[in-house]
Every structure is written in C-alpha cells, then in structure tokens.
Amino acid sequence: MNSRELADSICTTLQRNGYQALLAGGGVRDLLLGRSPVDYDIATDALPDQVMALFPDGVPVGAQFGVVFIPGDGFKVEVATFRSDGNYSDGRRPDQVVYAKAPEQDVKRRDFTINGLLMRPETCEVLDFVGGQADLKAGVIRAIGEPDRRFTEDKLRLIRAVRFAARFGFAIEPETFASIRRHAHQITVVSAERLRDELTKLLTEGAARRGFQLLDKTGLLAEVLPEVATMKGVEQPPQYHPEGDVWTHTLLMLEGLPARPPATLAWGVLLHDVGKPPTFRPVAETGDRIRFDGHVDVGVPMGQEICRRFRFSNEDTQQILALIANHMRFKDVERMRPATLKRFVRLPRFEEHMELHRLDCSSSNRRLQSYDFVSRLLADTPPEEIRPPKLLTGNDLLEMGYKQGPAFSQMLGSLEDAQLEGKVQTSEEAKRYLLSKFRPKMLEKREEEPPLADKTGRDRRRTPVRN
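Residues numbered from 1 in each chain as written. Predicted model: local features only at pLDDT ≥ 70, side-chain atom pairs only at ≥ 80, totals over all residues. Heavy atoms only, no water.

S.K.: Quick question: what am I supposed to make of the pairing of strand S1 (residues 21–24) here?
M.R.: Consecutive side chains of a regular strand alternate in pointing toward one face of the sheet and then the other. Neither face of S1 is exposed, since Ala21 and Leu23 on one face and Leu22 and Ala24 on the opposite face are all buried. Note that S1 and strand S2 (residues 41–44) share four bridges and pair antiparallel. Counterpart to Ala24 in the pairing with S2 is Asp41. Of the strand pairs in this sheet, S1 and strand S8 (residues 118–119) are connected by two bridges, and their pairing is antiparallel. Directly across from Ala24, in S8, lies its bridge partner Leu118. (Buried < 20%, exposed > 50% of the residue type's maximum accessible area, 1.4 Å probe, protein only. Helix = DSSP H or I, 4+ residues; strand = E, 2+ residues; numbered from the N terminus. Pairing = 2+ DSSP bridges.)

The following block contains the structure:
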C-alpha cells in the first residue's frame, strides 16, 4: 500500500460511517501540477474522537486543533476536522478553534489559494472555493482572503509564500507581496526550529537561488539572516572572482547545488563566505588587491552563532562549521605533506567538502585543478592507505619503557604521520621509529603540545587563511 492508497482507504472508511472525507491541501495542489505528492492530508467533518474510534492506531498529534495522524505500511496521513480558527494572539497558532460541518469554512482559514483546494478521492472532482485552480494555471501565490490577516495569524506564512513561489517558479501576487514586506519585521516571533526547517526546505527543494533572491526582495533576509544580507555589494578581486560580489557568488553556488542536497552542504554553501563582509579590505588599503584576510577564522564563530540561533543539532553544527573552516584548504592540497593530505580527505562526510569546493570554483574562476587532484587521489589510493590500521597503542608504549602522559598523543600522532607517508609499515618498524625520535627519559619532562586540530578539522597552529 502506498501513501495514496492509504489516504483513499481512510476516506472510504470515514465515508462508510457517514462522514465527509476529502483530500486537501498540498497533495491536491501537487496532483493538479502533475507532481507526485510527498504526503496526503484529509479534511473531514468527523470529530477527533470519532476519527480515533474508527482508527485506534491513530495518533492525536494536535488534538486541540482536530488533527490525527493515521499510520500504515510506513506512511502516515494527517486527518483534520473541518474548522474555523479564532484569534492568533502569538502569531503562530490559533487561541481556539471551532469545528465546522462545511468544507467551505475550513478552506477559508488556510494560507494560500493553491493550498486551499479539495478533492473527492473516488471521482477526483476538485472543490475550489478560493480560486486556487486559476492561480495554479496562472502561476500565482495569493493569500486566501485578506493577506494582512493571513500573515498576522501565522508569521511563518511569510517565508512559506517565498518558498512556494521559488519551488514552483510562481509569482507572488502584488497585494500578497506588499503584505509580506509590511510584516517582514515580525518573522522573528516564529520559533527558531520552524524557521530553520523552512529555510532548509528553501535551500534543498531545487530553487535555492530564486528563494534567497525573493527573501531579499521581501525584506525577510535581513530579518532572519542579516549576516547573509550584508554580502550584497561586498566586492571581490576580479582576478579570482570575475562573477562579482560575495552575494552574487553565493547565489551562483546555491543555483548549482545538486538535486536534494544534504541540508548541511546547502547551509555550508550559504555560509562558507560569511566572514568576508567583516574582513573586507579595499585596494586603497592593501595597495594591491581586495583582500579578506582571516575570513575563515572570522566566519567559523559567525557560523556557530547562526547554528546556535537556529538550534541546529550538535552533529549538523559541527559539519556546517567544518565546511566553513576547511573550504580554503583545497588551494594547498598539491603542496601538502602526504600525511596532512590524507588526514584532510578523512574529514567526516568529505564528499560534502568536495562538492562545496567544486561549486566554489565553478561559480568563480572555474579552476578545478585542486578538485581534480583530490579526485584522482581518492580514486587511486586504497582505503587502507588513507586509514591504515594502528601499528602501536598506548599499552605498547608502556611496554617500551615510556612513562604514560600527555606526550603519548604526540608520539602516536607522529607515528601515524610516518605511517601515512610510507616510512613505517610494521609494528617493529614503528617501535624503531619511536625510539629514534623520542627518548623515554626525555619524554618525562616533555610538555603537552596543543592539539593539531579542533573539531572542525582546522589546524590551530596554521597561519590565517588569505583570499
């Protein structure tokens, strides 16, 4: 059973028990656009308790709003009782709902006309009380009823209008667009998680460039991501970036994202140059060319603050920051020591680093030598040479007469370097190597050295990146 079959069976059960049941919302919109719906929603006059009585496996995820999720064969369908909403005092959800018996009442509280269409599942007859079919044909995003009221009710609709316009290549109807601009400053009342999820969809649904251009034109970008908005007008050295300023460069990279990219890659692309505006130095100051000295080191904490603000998971934050931190290292790959290069390509999800670098080059000077160099290395080098098994452990060092302490990590790191560079291949060679480099008595007084890299993979002892 697929998701449509599950939805049809739920409708059939509701109808057999005397209730109205209609496909609703985005699923109907996508069917009429010739797209495959991701999921299906059902609108009914059955009350939540009546739905639960018919579907004991249902989950009342929004009982106060009349919403029940019904699972089946790995899918789930949202079943919502017809309703009209009261005031939205917090700009996010209605203070109260009133259940209704007519679908017309339910549709009028929805966001946009293209999402306000209903369909009889058994005949595919469309019920259109808001002009949604005409707007679908015309390619228009239009608020249902008064735009100001729709956006006052739920501020997230401000960004959803932009996302739908970008995703479908539609225009935003003038009154709706003007209302978005009037209410843009209120977007910050929306929870960080809801904003993050909507922005992530905007970045990954295949129209990220147009989406961010619309965010900018509506005034929303400066409210939700002021660090990105400041990229506009920040010039770059034309010999490296003939495409234009930092904003133009970032838009080109967003446009080049692959279909359905990982969210961390999309956010990494968006934020990889976030440190450039605050580090901009013009020719008049440098004497030779525009420079962004240390923009990576400035960009990482800026990215960290953005991830904290949007409440990304620790895992996603670490990956996004690693993408920012390491994107300039590719220019040095052909000069890296073998051990350094192999450690570089061992970064978690290195394929995302590769794709970001490819997009970076393709959207600027089109020089892909470093990308090709690393691609050949990965293709030609056996995995065991990039991640060789450990030859010695801390216990082995104790048996060799070394005193346990902070120097152990330095010794094992040095040994791994030698192994990655092909200088040692066996445990016996490893022991001889350590004994030639580190005398046990000398190690007792050796101070702990700082770690080679932080969690993002940056070498803490390297000189600031220049671009």
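S.K.: Which parts of the structure should I look at to understand the nonpolar core?
M.R.: Within soluble globular proteins, side chains that are nonpolar generally end up buried alongside one another. Ile42, Phe212, Leu225 and Trp267 are the most contacted members of the largest nonpolar core, which has 86 residues in total. Of all the elements, helix H7 (residues 157–168) adds the most residues to this core, at eight residues. Not counting the four nearest positions on each side in its chain, Phe212 is found in contact with Leu202, Leu203, Leu221, Leu225, Trp247, Leu251, Leu254 and Leu270. Leu397, Ala418, Ala430 and Phe438 belong to the second-largest nonpolar core, a separate cluster that totals 14 residues. (Core = buried A, V, L, I, M, F, W, Y, C linked by side-chain atoms within 4.5 Å. Contact = heavy atoms within 4.5 Å.)

S.K.: I keep staring at the environment of Leu117 and nothing clicks. Help me out?
M.R.: Within the fold, Leu117 resides in the loop between helix H4 (103–107) and S8. The exposure class assigned to Leu117 is buried, which follows from its relative accessible area of 0%. Sequence separation between Leu117 and Phe280 is 163 residues, and the spatial gap between their C-alpha atoms is 50 Å. When near neighbours in sequence (up to four residues on either side) are disregarded, Leu117 contacts Leu23, Ala24, Gly25, Val28, Leu32, Val126, Leu127, Asp128, Gly132, Gln133 and Leu136.

S.K.: What's the story with the state of the cysteines in this structure? I'm lost.
M.R.: Between two cysteines, a covalent bond joining their sulfur atoms is known as a disulfide. On inspection of all chains with the given rule, the structure shows zero disulfides. No disulfide involves Cys11; its sulfur sits 11 Å from the nearest other cysteine sulfur, which is in Cys124. Of the residues examined, Cys11 reaches a relative accessible area of 0% and is grouped as buried. (Disulfide = S-S within 2.5 Å.)

S.K.: In this structure, what is going on with the packing of aromatic side chains? I would like to understand it.
M.R.: Remark: the centre distance and the inter-plane angle together describe each pair of aromatic rings, the angle taken between the planes. Summed over the entire model, instances satisfying the criterion amount to 10 aromatic pairs. Measuring from ring centre to ring centre gives 6.2 Å for Phe112 and Phe164, while their planes differ by 80 degrees; the resulting arrangement is edge-to-face. On the criterion of sequence distance, the pair formed by Phe112 in the loop between H4 and S8 and Phe164 in helix H7 is long-range, its members being 52 residues apart. Since its relative accessible area comes to 1%, Phe112 is described here as buried. Considering the side-chain rings of Trp267 and Phe310, the 5.9 Å spacing of their centres and the 50 degrees angle between planes classify their relative orientation as tilted. On the criterion of sequence distance, the pair formed by Trp267 in helix H14 (residues 263–271) and Phe310 in the loop between helix H17 (295–309) and helix H18 (314–326) is long-range, its members being 43 residues apart. When its relative accessible area of 3% is taken as the criterion, Phe310 is described as buried. Positioned over the ring face of Phe164 is Arg163, at 4.9 Å from the centre of the ring. (Phe/Tyr/Trp six-rings, centres within 6.5 Å; stacked < 30°, edge-to-face > 60°. Lys NZ or Arg CZ within 6 Å of the ring centre and 35° of its normal.)

S.K.: Sorry, what's going on with the environment of His185 here?
M.R.: Note that His185 resides in the loop between helix H8 (174–183) and helix H9 (192–204). The class for His185 is partly exposed, based on a relative accessible area of 47%. Residues His185 and Ala222, spaced 37 residues apart in sequence, show a C-alpha to C-alpha distance of 8.9 Å. Within the structure, the side chain of His185 is placed 3.3 Å from the backbone oxygen of Arg182, a separation counted as a polar contact. (Polar contact = N/O pair within 3.5 Å; in protein donor to acceptor, adjacent residues only side chain to side chain.)

S.K.: Got a minute to help me understand the side chain of Asn115 in this structure?
M.R.: Looking at where Asn115 falls in the secondary structure, it is placed in the loop between H4 and S8. For Asn115, a relative accessible area of 5% gives the class buried. Separated by 2.7 Å, the side chains of Asn115 and Arg29 make a polar contact. Looking at Asn115, its side chain comes within polar contact range of the side chain of Asp111, at 3.3 Å. If we skip the residues at most four places from it in the chain, Asn115 touches Gly25, Arg29, Arg110, Arg160 and Phe164.

Geometric values such as these leave the question of function open.
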